[in-house]
Amino acid sequence: MPISRRAFMKAGGLALLSLGADPIFLDRAAYALGRSGRRIAGRKTLVCLFQRGAVDGLSMIVPAGDSWYWQERQRIALPKEQLIPLDGMFALHPRLAPLKPLWDQHNMAIVHAVGSPSTTRSHFDAQDYMESGTPDVKATPDGWANRYCAHAEEHANTPFRAVAFGPQLPRTLAGSAPSLAIDDLRTFGLRAAQAGGEQKLTRAFEELYQGAATGLVASSSAESFEAIQMLKSANPTSLPPSNGAVYSRTKLATSLSQIAQLIKADLGLQIAFVDVGGWDTHVNQGSDQGQLASRLDELSGALGAFTTDLGARMRDVVLITMSEFGRTVKENGTSGTDHGHGTAMMVLGGEVKGGQVYGRWPGLAPDQRYEGRDLAVTTDFRSVFSEVIQGHLGPIDVSQVFPGFAQPAKVGLFG
């Protein structure tokens, strides 16, 4: 998974900060920048949530009107009486109940039978292709979101324009445009140094800073310092959840709560990235109970808190879920599902035309499946990403973001 040296140095510099470099040194460096209190109000934000491990889209958004779902899943199909109907064909898994109000208010749309044209069933390759935006091309050096940042206007006017919540920069944001990786806002650049490690960390960071003569590292260091200064000034972690929102203590919920804090602090966040694992359900997937139900419980609780917290500000925020591929139509011998092809995505917020399931349903009969076993892909994930970019973030030539992709007819998510 190639990441540019600049991005590596940037992520490495921030990692040093999160580990606790000398706060006196950091204060001095941040003060030297002489840039504080800058706010960017009203910026549109796209939040990308990656479900790593290949979520079973057929049990997340259940094709209740397709008899083959029930026929092929004798042990793991959801009880019909517990499903949450969406329309005459599809229904939500009962653990997604917190999202039903968003559907009813037309603030949530679903795209089904969506995925990559790549035939791979490798998690690593499929994630790489989806994050680079170039299926079956391993040589792509950067991620699609980073290319968007590199080509769209008004970039580089805030170090918080593109932020990933995690210990390292994801493939999606790897590239030449400035991006940050933050594991936890509460400790980003502010934690006291650990005994014995202070001098080593400080020297390492100073060496990084002294690399300014190359022009490559200088940008990384400056962005790091500016990020610290802006965080200290805005103090987003002091912003409590609004509108009665209650976040659980899971990593996903914490990350989404901190994304909401960055948005409310008006630091210019345009693209945020967060991922959550645990979707590779080969064994004992479960039905209304079990491991998939637990993962969906965590997901819907975090999404419900996030949208409640932001309230009216969700008009300026779109959150999209994604996963590298789906799972087999037929359950396997261990009450699970194996690596498949098509899956489902959810699009929340902004001006999305919600309350609808988009995409052509190919059917689950054996002769309608991909390679006789999987949900076929009828909507390329790049069509969804392109439409979200253009419909929410603004007009841009998406051929620069998804090179080689001839965009077909619109999915219809935005007016």
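About the criteria used
- Residues numbered from 1 in each chain as written.
- Predicted model: local features only at pLDDT ≥ 70, side-chain atom pairs only at ≥ 80, totals over all residues.
- Heavy atoms only, no water.
- Helix = DSSP H or I, 4+ residues; strand = E, 2+ residues; numbered from the N terminus.
- Buried < 20%, exposed > 50% of the residue type's maximum accessible area, 1.4 Å probe, protein only.
- Contact = heavy atoms within 4.5 Å.
- Areas by Shrake-Rupley, 256 points an atom, 1.4 Å probe, with all protein chains shown as cover.
- Axes fitted to C-alpha atoms, helices over the stretch in contact; angles between N-to-C directions.
- Parallel < 35°, antiparallel > 145°, perpendicular 65-115°, else oblique.
- Left-handed = near helix turned anticlockwise from the far one by under 90°.
- Nonpolar A, V, L, I, M, F, W, Y, C, P; charged D, E, K, R; others polar.
- Disulfide = S-S within 2.5 Å.
- Pairing = 2+ DSSP bridges.
- 1 Å grid on protein atoms, 1.4 Å probe; cavity = no way out; pocket = protein on both sides within 12 Å on 5 of 7 lines; lining within 4 Å.
- Points joined across faces, edges and corners; volume = space filled by probe spheres on them.
- Phe/Tyr/Trp six-rings, centres within 6.5 Å; stacked < 30°, edge-to-face > 60°.
- Lys NZ or Arg CZ within 6 Å of the ring centre and 35° of its normal.

Student: Please explain the overall build of the chain as it appears in this structure.
Tutor: When its secondary structure is counted, the chain shows 12 helices and 12 strands. The buried share of the chain, reckoned over its 415 residues, is 60%. The contacts of the chain with a sequence gap of at least 6 include a subset with a gap of at least 24, amounting to 76%. For the chain, the accessible surface area stands at approximately 15900 Å², while carbon and sulfur atoms represent 52% of it.

Student: What's the story with the packing of helix α10 (residues 251-264) against helix α11 (residues 291-310) in this structure? I'm lost.
Tutor: Two quantities define a packed helix pair, namely the angle between the axes and the distance from one axis to the other. Where α10 contacts α11, the axes come no closer than 9 Å and their chain directions differ by 15°. In terms of orientation, α10 lies roughly parallel with respect to α11. The two elements α10 and α11 meet at a crossing, and its hand is right-handed. Each of L252, A253, L256, I259, A260, I263 and K264 in α10 lies in contact with α11, whose residues at this interface are E298, L299, A302, L303, F306, D309 and L310. Class assignment for the residues of the contact of α10 with α11 results in 11 nonpolar, no polar and 3 charged.

Student: Whenever I open this one, the state of the cysteines confuses me. Can you help?
Tutor: By definition, a disulfide links two cysteine residues through a covalent bond between their sulfur atoms. Under the defined criterion, the tally for this structure stands at 0 disulfides. In this structure C48 is a free cysteine whose sulfur lies 9.9 Å from that of C149, the closest cysteine sulfur available. Owing to a relative accessible area of 1%, C48 belongs among the buried residues under this scheme.

Student: What is the right way to look at the sheet that holds strand β2 (residues 61-62) in this model?
Tutor: In a beta sheet, neighbouring strands pair by backbone hydrogen bonds and run either parallel or antiparallel. In space, the 3 strands of this open sheet follow the order β2-β4-β3, with antiparallel pairing throughout. Strands at the two margins of the open sheet, each flanked by one partner only, are β2 and β3 (84-85).

Student: Any chance you could explain empty space enclosed by the protein here in plain terms?
Tutor: Any space left empty among the atoms is revealed by the rolling of a water-sized probe across them. For the structure shown, the criterion picks out 3 cavities of 30 Å³ or more. A volume near 60 Å³ is recorded for the largest cavity. Residue composition of the lining of the largest cavity, grouped by class: 3 nonpolar, 4 polar and 1 charged. Empty space within the second largest cavity amounts to approximately 50 Å³. Lining the second largest cavity are I40, R43, T45, L262, I263, D266, L267, G268, L269 and R313. Of the residues belonging to the lining of the second largest cavity, the class tally is 5 nonpolar, 2 polar and 3 charged.

Student: Please clarify how helix α7 (residues 144-151) should be interpreted in this entry.
Tutor: Because each turn of an α-helix spans 3.6 residues, side chains separated by three or four positions end up pointing in the same direction. Counting buried positions over the 8 residues of α7 gives 6, a clear majority of the element. In this structure, the buried side of α7 is in contact with β1 (45-51), α6 (123-132), β6 (162-165), β8 (271-276) and α12 (381-393).

Student: Mind showing me how you'd approach unusual backbone geometry here?
Tutor: Most of the time, phi is negative for any residue but glycine, and the peptide bond is trans. You will see that N235, though not glycine, has its phi angle at about 50°, which is positive. Residue placement: N235 occurs in the loop between α9 (216-234) and α10. Positive phi, normally seen in glycine, also occurs at N243, with a value near 60°. Checked against the element boundaries, N243 lands in the loop between α9 and α10.

Student: Teacher, can you tell me more about the packing of aromatic side chains here?
Tutor: Two aromatic rings, taken as a pair, are described by how far apart their centres are and by the angle between their planes. Applying the stated criterion to the full structure yields 6 aromatic pairs. Taken together, a centroid distance of 5.2 Å and an interplanar angle of 70° make the contact between F381 and F385 edge-to-face. Of this pair, F381 and F385 are both found in helix α12, 4 residues apart, which corresponds to roughly one turn of the helix. Here F381 matches F385 in class, with each residue buried. An aromatic cluster is present here, built from W144, F381, F385 and F402 joined pairwise through their rings. The cationic tip of K80 hangs over the ring face of W70; the distance from NZ or CZ to the ring centre is 4.9 Å.

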